[in-house]
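Observations on the model geometry
Here are the chains, one letter per residue:
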Amino acid sequence: MNLPRLRWSSSIERMAENVANAAAELRTAAAEKPAKARSFWPSVLRWIPTSTDQIIAAEKRLLSLVKTPYVQEKVNIGSGPPGSKVRWFRSSSDEPRFINTITFDSKEDSPTLVMVHGYGASQGFFFRNFEALASRFRVIAIDQLGWGGSSRPDFTCRSTEETEAWFIDSFEEWRKAKNITNFILLGHSFGGYVAAKYSLKHPEHVQHLILVGPAGFSSETDPKAEWLMQFRRTWKGAIMSHLWESNFTPQKLVRGLGPWGPDLVRRYTSARFGSYSDGSVLTEYESKLLTDYVYHTLAAKASGELCLKYIFAFGAFTRSPLLHRASEWKVPTTFIYGVQDWMDYQGAQEARKQMEVPCEIIRVPQGGHFVFIDNPTGFHSAVLHACRRFLSSDPDSVSLPEGLTSA
């Protein structure tokens, strides 16, 4: 029995039910309103009490939990790569774009660790990790273009290639603006996909690549995807497939619920984070701050989120799998997975067989897809072990920390 596959399947089924139930609740609520109230209903649904300033303010409240000082800045990346005439980056105007960035400075000779969030997330999701990692690294975390507190230009990409360029090239412009030459690059989920694609294009800047539950190491042709084909033939699968191809994102649901959006986010954060925890589940105060932060990042203008159908086929299979490019790998890599992660670590094992650079796979107990929230202590141990050649004078003598397993 393939447990990760069953968890993934049940997760998508629950998502279909949630979307259908939310739509039903909206219809019921609208039907129960008197005629005068119904005439005002569309304006309620359009009410989105958020802005970039509110995102940054919510970020500051969340990061007040971190004791280590940091600097927040909006890094200007210009209006597009020099000489570029493609529309995806310039959008409908040539106004400068910026990447929301926070930096935790460590000792002068500390290695630089750049952290990239996943789909539907932003750099604040690493709030439980900054303090521990900043004791050993110069930590820099970003909001990718079109997410979090970064610029949200109109998303005009119409292909996988354009969409990848949106994220990879904007990250490179950010690197140049920050004048960072060499760094360790960590990416989670979709952020892992972007980090890996960036490392394939610009390996000269990446000293080590850390992929946390990354997307891209399985494909729709994988025999394990048979269950997905079966699910598509069900009514739930038909709903989800149609919504996916229509580029219906979870953020649209949050916006559509208007004043009820924050409650939906609250229920999500309360149910999701800490569900595989080692016991240090989110406190009520942490959950409140995270909910507020997540709501504002999701309800803001749609931009980077619209990459969904161009990067992924239905079921989270990437349209341009990294697994197919493993033989081109040029950067030493460490994969980190929570033991309960629905992303299958076996794809990383297949990729490693084709890689000609050092590669290891670490599994962290009591952690799911957001292992850095579920089990931050185990996650920190895995990151430090992955970076031992930058942190230890004798890295070969460093053994895998107790509790972690090598795959």
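Here the structure is shown first, and the text comes after it.
All of these numbers come straight from a predicted model, not from anything done at the bench. (Residues numbered from 1 in each chain as written. Predicted model: local features only at pLDDT ≥ 70, side-chain atom pairs only at ≥ 80, totals over all residues. Heavy atoms only, no water.)

**Section: helix α16 (residues 376-386)**
Put simply, the rule reads: Burial classes: relative accessible area under 20% of the type maximum marks a residue as buried, over 50% as exposed, and values in between as partly exposed (1.4 Å probe, protein chains only). In DSSP terms, a helix is any run of H or I states spanning at least four residues, a strand is any run of E spanning at least two, and both are numbered starting from the N terminus.
Most of α16 sits inside the fold, with eight of its eleven residues counted as buried. Taken together, the buried positions of α16 are Pro 376, Gly 378, Phe 379, His 380, Ala 382, Val 383, His 385 and Ala 386.

**Section: the packing of helix α3 (residues 52-63) against helix α12 (residues 284-299)**
To keep things clear, this is the line we draw: To get an axis, a line is fitted to the C-alpha atoms, and for a helix only the part in contact is used. The angle between two axes follows their N-to-C directions and goes from 0 to 180 degrees. Here roughly perpendicular refers to angles of 65 to 115 degrees, roughly parallel to angles under 35, roughly antiparallel to angles over 145, and oblique to all remaining angles. Two helices that cross are described as forming a left-handed crossing if the nearer one is turned anticlockwise from the farther one by less than a right angle, and a right-handed crossing if clockwise. It only takes one pair of heavy atoms within 4.5 Å for two residues to be counted as in contact. Just so you know the grouping, Ala, Val, Leu, Ile, Met, Phe, Trp, Tyr, Cys and Pro go in nonpolar, Asp, Glu, Lys and Arg go in charged, and all remaining residues, Gly too, go in polar.
α12 packs onto α3 with a crossing angle of 160° between their chain directions and a minimal axis gap of 9 Å. Classed by the angle they form, the pair α3 and α12 counts as roughly antiparallel. Handedness of the α3/α12 crossing: left-handed. Contact with α3, carried on its side by Gln 54, Ile 55, Ala 58, Glu 59, Arg 61 and Leu 62, involves Leu 289, Leu 290, Asp 292, Tyr 293, His 296 and Thr 297 of α12 and no other residues of that element. Here the contact of α3 with α12 is composed, by residue class, of six nonpolar, three polar and three charged.

**Observations regarding the packing of helix α11 (residues 261-272) against α12**
When two helices pack together, their arrangement is given by the angle between the helix axes and by the axis-to-axis distance. Packing of α11 against α12 brings their axes to within 9 Å, and their N-to-C directions diverge by 125°. Taken together, the axes of α11 and α12 are oblique relative to one another. As for the relative orientation of α11 and α12, their crossing is right-handed in sense. Two secondary-structure elements touch here, α11 through Gly 261, Pro 262, Val 265, Arg 266, Thr 269 and Ser 270 and α12 through Ser 287, Thr 291, Val 294, Tyr 295 and Leu 298.

**With respect to the nonpolar core**
If you look at soluble globular proteins, the nonpolar side chains tend to sit buried side by side. Here is the rule we go by: The criterion is simple. A nonpolar core is a set of buried Ala, Val, Leu, Ile, Met, Phe, Trp, Tyr and Cys residues joined through side-chain atoms within 4.5 Å.
Formed by 57 residues in total, the largest nonpolar core has its most connected members in Phe 171, Trp 174, Leu 185, Phe 190, Leu 209, Trp 329 and Phe 335. Considering every element that reaches this core, the biggest residue donor is helix α7 (residues 190-201), with seven residues. Contact partners of Trp 174, with chain neighbours within four places excluded, come to Val 75, Ile 77, Ile 99, Thr 101, Val 114, Ile 140, Ile 142 and Ile 180. Counting 46 residues, the second largest nonpolar core, distinct from the first, contains Met 115, Ile 210, Phe 379 and Val 383.

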